[in-house]
Amino acid sequence: MNTKFAAQNAPIKLYRNLLSGHCHRVELMLSLLDIPYETIDLDMANGAHKAPDYLKISPFGQVPAIDDNGITLADSNAIITYLEKKYNDGYAWYPQDPVKAAEVQRWLSVAAGEIAYGPCAVRLVKVFGVDLDYDVAKKKTDALLAVIEPLLNTRPYLAGEAITLADVAGYSYISHVPEGGVSLEPYPAIRAWLERIEAHPRFVGMKRTPVPA
């Protein structure tokens, strides 16, 4: 167990949707930091994420959210940053060097931008039937992967030579983008990067859904 997580503390509560990459991003960080946690799967189809009690935790009615023994937070990138700052295990998940820190932050922005509007969006259409413009999301996905592939031919991780929050934020939706109808076969460097993350001893995966024909 993470040495900074006091034994008397209750496990962190993670409010999630089992198939959400944003939620998996947080669960992956919790696992990588070896922090005790319990998952609470919200019945979003029946509006559990809009219930008054939940809105006190996540005012926008979104997942994920956490309750860390009375400290409540929403937004996946905010949560993984909080976890790293509070329970850092001595590893530089978010480097202190200004240039390296800026590189990690850039990928957190990509996760909230290009990844959300590309790999996340194509999967929302195919897995959840969300009414989005699939062709636009597919073009954004292709453009993103075309940037990441040559980058990962020059270094093993998004922000450099070692795994960081950048990879935690980027992994889930890129790994599951085939569920959105986008093949990763043309991207061997991306596939090798995903495999490096999955080889981490505390890696935890997200439930997969069928890849559309």
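Cut-off values and rules
Residues numbered from 1 in each chain as written. Predicted model: local features only at pLDDT ≥ 70, side-chain atom pairs only at ≥ 80, totals over all residues. Heavy atoms only, no water. Helix = DSSP H or I, 4+ residues; strand = E, 2+ residues; numbered from the N terminus. Rg over C-alpha atoms; globule rule 2.2 N^0.38 Å. Buried < 20%, exposed > 50% of the residue type's maximum accessible area, 1.4 Å probe, protein only. Contact = heavy atoms within 4.5 Å. Lys, Arg positive; Asp, Glu negative; His and termini not counted. Charge placed at Lys NZ, Arg CZ, Asp CG, Glu CD. Axes fitted to C-alpha atoms, helices over the stretch in contact; angles between N-to-C directions. Left-handed = near helix turned anticlockwise from the far one by under 90°. Nonpolar A, V, L, I, M, F, W, Y, C, P; charged D, E, K, R; others polar. Phe/Tyr/Trp six-rings, centres within 6.5 Å; stacked < 30°, edge-to-face > 60°. Pairing = 2+ DSSP bridges. Right-handed = clockwise from strand over helix to strand, strands pointing away. 1 Å grid on protein atoms, 1.4 Å probe; cavity = no way out; pocket = protein on both sides within 12 Å on 5 of 7 lines; lining within 4 Å. Points joined across faces, edges and corners; volume = space filled by probe spheres on them.

**Remarks on the overall build of the chain**
Turning to step 1, where the next piece is worked out: Within the chain one finds nine helices and four strands.
Turning to step 2, where the next piece is worked out: The secondary structure elements of the chain, listed N-terminal to C-terminal, are β-α-β-α-β-β-α-α-α-α-α-α-α.
Turning to step 3, where the next piece is worked out: Over its C-alpha trace the chain gives a radius of gyration of 17 Å, about what one expects of a compact globule, namely 17 Å for 213 residues.
Turning to step 4, where the next piece is worked out: Considering only C-alpha atoms, the chain reaches an extent of 50 × 45 × 25 Å along its principal axes.
Turning to step 5, where the next piece is worked out: By the burial criterion, 49% of the 213 residues in the chain qualify as buried.
Turning to step 6, where the next piece is worked out: Taking as baseline every contact in the chain between residues at least 6 positions apart, the subset at least 24 positions apart corresponds to 67%.
Turning to step 7, where the next piece is worked out: Taken as two groups, the 21 positive and 25 negative side-chain charges of the chain have centres that lie 1 Å from each other.

**With respect to the packing of helix H8 (residues 165–175) against helix H9 (residues 188–198)**
Turning to step 1, where the next piece is worked out: At a minimum axis distance of 11 Å, the contact between H8 and H9 shows a crossing angle of 115 degrees. Helix-helix and strand crossings are classified by hand; for H8 and H9 the assignment is left-handed. For the pair H8 and H9, contact is made by Asp 167, Gly 170, Tyr 171, Ile 174 and Ser 175 and by Ile 190, Trp 193, Leu 194, Ile 197 and Glu 198, respectively.
Turning to step 2, where the next piece is worked out: For the contact of H8 with H9, a count of residues per class yields six nonpolar, two polar and two charged.

**Some details on the packing of aromatic side chains**
Turning to step 1, where the next piece is worked out: Tallied over the full model, the rule gives four aromatic pairs.
Turning to step 2, where the next piece is worked out: For the ring pair Phe 5 and Tyr 87, a centre distance of 5.5 Å and an interplane angle of 50 degrees mean the geometry is tilted. Here Phe 5 is found in the segment before strand E1 (12–16), whereas its partner Tyr 87 is found in helix H3 (residues 76–87), with 82 residues between them in sequence.
Turning to step 3, where the next piece is worked out: Among the residues examined, Phe 5 registers a relative accessible area of 2% and is labelled buried.
Turning to step 4, where the next piece is worked out: Taking relative accessible area as the criterion, Tyr 87 reaches 1% and is therefore assigned buried.
Turning to step 5, where the next piece is worked out: Their ring planes at 80 degrees and their centres at 5.4 Å tell us that Tyr 171 and Phe 203 sit as a pair that is edge-to-face.

**Re the environment of Ala 51**
Turning to step 1, where the next piece is worked out: With respect to the helices, strands and loops of the structure, Ala 51 is situated in the loop between strand E2 (37–41) and helix H2 (52–55).
Turning to step 2, where the next piece is worked out: On the basis of relative accessibility, which here comes to 29%, the residue Ala 51 falls in the partly exposed class.
Turning to step 3, where the next piece is worked out: C-alpha separation for the pair Ala 51 and Gly 61, spaced ten residues apart in sequence, amounts to 8.1 Å.

**Examining the pairing of E1**
Turning to step 1, where the next piece is worked out: Buried residues dominate E1, accounting for four of its five residues.
Turning to step 2, where the next piece is worked out: Looking at chain direction, E1 and E2 are connected through five bridges and run parallel. Across the sheet, the residue bridging to Ile 12 is Tyr 37, located in E2.
Turning to step 3, where the next piece is worked out: Between the parallel pair E1 and E2, the chain is carried across by helix H1 (residues 21–32), and the sense of this crossover is right-handed.
Turning to step 4, where the next piece is worked out: Strand direction decides the pairing type here: E1 and strand E3 (residues 65–68), joined by three bridges, are antiparallel.

**Section: the layout of surface pockets**
Turning to step 1, where the next piece is worked out: When its volume is computed, the largest pocket comes out at roughly 670 Å³.
Turning to step 2, where the next piece is worked out: Lining the largest pocket are 31 residues, with His 22, Val 63, Cys 120, Leu 124 and Tyr 173 positioned closest to its centre.
Turning to step 3, where the next piece is worked out: Elements with a contribution of two residues or more to the lining of the largest pocket: H1, H3, helix H4 (98–112), helix H5 (114–117), helix H6 (119–128) and helix H7 (134–151).
Turning to step 4, where the next piece is worked out: In terms of residue count, H6 provides more of the lining of the largest pocket than any other element does, five residues in total.
Turning to step 5, where the next piece is worked out: Residues of the lining of the largest pocket, tallied by class, amount to 18 nonpolar, eight polar and five charged.
Turning to step 6, where the next piece is worked out: For the second largest pocket, the calculated volume is near 150 Å³.

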